[in-house]
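So you can see what is in the structure, the chains are spelled out below.
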Amino acid sequence: MYILVSRDGGKVLVAPLTDDGSASAPELTLSDAEFGRYVQEQDSAARWVWDDTVAWYPRLLAGGIRIARCHDLRLCHVILRHSTLSAGSDLASAPAGEWDASALSGGAGEGEALFELGHGGLPDPRGEFLRQLEAVRAATAPGRLRLLLAAESAGALVAAEMQFAGLPWRRDVHERLLATELGPRVPHGTRPERLERLAARIRVALEAPALNPDSPVELLRALKATGLPIASTRAFELRRVEHPVIEPLLEYKKRSRLLSANGWAWMDAWVVDGRFHPEYLPGGVVTGRWAARGGGALQLPKQVRGAVVADDGWKLVVADAAQLEPRILAGLAADVAMADAGRGTDLYAGIVAGGVVETRQQAKGAMLGAMYGATTGQGGQLLPRLAAAYPRAVAAVEAAARLGERGDVVTTLLGRSSPRPDAGWRAAQAQASQPGATAADERRARSQAREWGRFTRNFIVQGSAAEWALCWLAEIRKELWEVGTRADASPGGSPAPFRRRPHLVFFLHDEVIVHTPEALAKEVAEVVREAAARAGRLLFGEFPVDFPLSARIVDNYAEVT
DNA sequence: AAAGAGAGCGCG
DNA sequence: AAAGCGCGCTCTCTTT
């Protein structure tokens, strides 16, 4: 059963709908408080349909209310609008409207537009929902698309819940770390003691008494003046030359990065009451991966992960999917040989054991090369051996690359399609095929075509992996709630839905962290593991590809390497 | 003074 | 000269 909710001035309109979207009960007009009570009274099988999870769910969570399922019209619109599986639908062929504009502002833009949705919202959600139902019904593979929309929407719930709960963060631990690495705290904009000492050593070594090591331009000029053969100040390049300045300079860069990205200012801005509350953006990346805004949640350096510590009496269950993308590729391409290589073992080790390459590093390099489109270097050189051993998998990514090079669209396993290249790209291709095209025109067109081919090549793998991860998250979320209920940690509808229950607190593409009461930790680890197996079956049915996890029960995120 | 580009580095 | 994919954030330097 669906329950469509929308805004009417200060009121909430509630419309129960059947599976085909027709009214199943009279519409209600409720105040916010009445709406909260109404939500709690409904069966947990209800699927809440709303324009935007961000506009609705945080308020419910703040009121102590957790829901089981939703359909996020904004996120689903984006998928259906571009998917090749629903290409013939009215929804896909209509001119661009407000639902399309909302995707842009919601994805990467200002964020203000989203916030305003709380009052008024997007136009005619009922009509939009009916168009979405019809687009799915008439789609090429409705089952896949339906799963994708459900997973995407579940992801939106997880994102809101994780933002609400926050990642446990110990200020004192973080402060100790900063004091050790940088010295005593100084005001923003000034250089802490240890950095200042390193800067002094750099100036001496380069005989540049006024050098500002934060300026790449000044630094490069000074490095060249001492005769070092480098073209940039990147750490990678610096490590390849020998000079007394290199050691203090690399130290400086490392610590300076800590200060600017995750220093005292970061802590003051993002850690509140012992929790880091980043804003996750489901669907924020074209491939379907999440993005995040504020605090760099998806770039937490290993350096500071020691500050992520479970509460007293609680544990962190940290799990990541081993070699997720190659396994996804094996499933996508139905490459039994590659799936076999990963069964019950590290997939790269399995490739070595199969005699395809000599070392694990080579196996990894070749796999990444195949998925990213490397033509040179180790990855490119080993590609023929990979292709000989796993012809189906390699053919799948090659085919995706060829489509992209032609400007065509590719689609993930569940139905998310890649964007088309922009007008500039098309113009460059057209230009190169004109009779009077110069060699430069042709070179440029070929280079851009290959570039887009690398994007589409990777899109099918990264995008399908993101779908697996969404299914994994959704299964984890569902089962954790069951575990919490069985343990009677807190009856549904307590003032704080996650205060006593195991709950997700972090997600990073192929990795999750669950914060759980210690007594439930083992059960939670099993839930996370089982959810991975279920996600695999949801995507690939009986095709025999494994998704092993490293799941560890720890007090501290830094314990996991 | 503000906005944008580029460099650099963090994560998967 | 280009060079394997996808991101966000901070800082410098240039442009408006």
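Residues numbered from 1 in each chain as written. Chains lettered and ligands numbered in written order. Predicted model: local features only at pLDDT ≥ 70, side-chain atom pairs only at ≥ 80, totals over all residues. Heavy atoms only, no water.

**As for unusual backbone geometry**
Most peptide bonds are trans, and most residues other than glycine sit at a negative phi.
Working step 1: Located in the positive-phi region is D273, a residue other than glycine, with phi close to 50°.
Working step 2: Relative to the helices and strands, D273 is located in the loop between strand 7 (271-272) and strand 8 (275-276). (Helix = DSSP H or I, 4+ residues; strand = E, 2+ residues; numbered from the N terminus.)

**Examining the protein's contact with DNA strand B**
Working step 1: In the vicinity of DNA strand B there are 18 residues, among which T233, R257, Q299, K302 and D510 approach most closely.
Working step 2: Those atoms of DNA strand B that come within 4 Å of the protein belong to sugar or phosphate at a rate of 78%.
Working step 3: At a separation of 2.7 Å, a phosphate oxygen of DNA strand B approaches a polar side-chain atom of T233.
Working step 4: Q299 places a side-chain nitrogen or oxygen 3.1 Å from a base nitrogen of DNA strand B.
Working step 5: Per-element accounting of the surface near DNA strand B gives the leading share, three residues, to helix 13 (residues 246-262).
Working step 6: Looking at the surface near DNA strand B residue by residue, the classes come out as five nonpolar, five polar and eight charged. (Near = heavy atom within 4 Å. Polar contact = N/O pair within 3.5 Å; in protein donor to acceptor, adjacent residues only side chain to side chain. Nonpolar A, V, L, I, M, F, W, Y, C, P; charged D, E, K, R; others polar.)

**Regarding the domain arrangement of chain A**
Working step 1: For chain A, the assigned domains read domain 1 (2-164), domain 2 (171-267), domain 3 (277-324 + 466-559) and domain 4 (326-461).
Working step 2: Relative placement of domain 3 and domain 4: their C-alpha centres are 30 Å apart.
Working step 3: Taken together, the contact between domain 3 and domain 4 spans 17 residues of the former and 26 residues of the latter.
Working step 4: Summed over both sides, the interface of domain 3 with domain 4 buries roughly 1,800 Å², with 65% coming from carbon and sulfur. (Domains from an automatic or database assignment. Contact = heavy atoms within 4.5 Å. Buried area = accessible area lost by both parts, 1.4 Å probe.)

**Comments concerning the layout of surface pockets**
Working step 1: In this model, the largest pocket occupies a volume close to 730 Å³.
Working step 2: In terms of lining residues, the largest pocket is bounded by 31 residues, among which S44, R66, I67, A68 and R69 are the most central.
Working step 3: Those elements that provide at least two residues to the lining of the largest pocket are helix 1 (32-41), strand 4 (47-50), strand 5 (69-72), helix 8 (142-165) and helix 22 (439-486).
Working step 4: Across the lining of the largest pocket, the residue classes break down as 17 nonpolar, six polar and eight charged. (1 Å grid on protein atoms, 1.4 Å probe; cavity = no way out; pocket = protein on both sides within 12 Å on 5 of 7 lines; lining within 4 Å. Points joined across faces, edges and corners; volume = space filled by probe spheres on them.)

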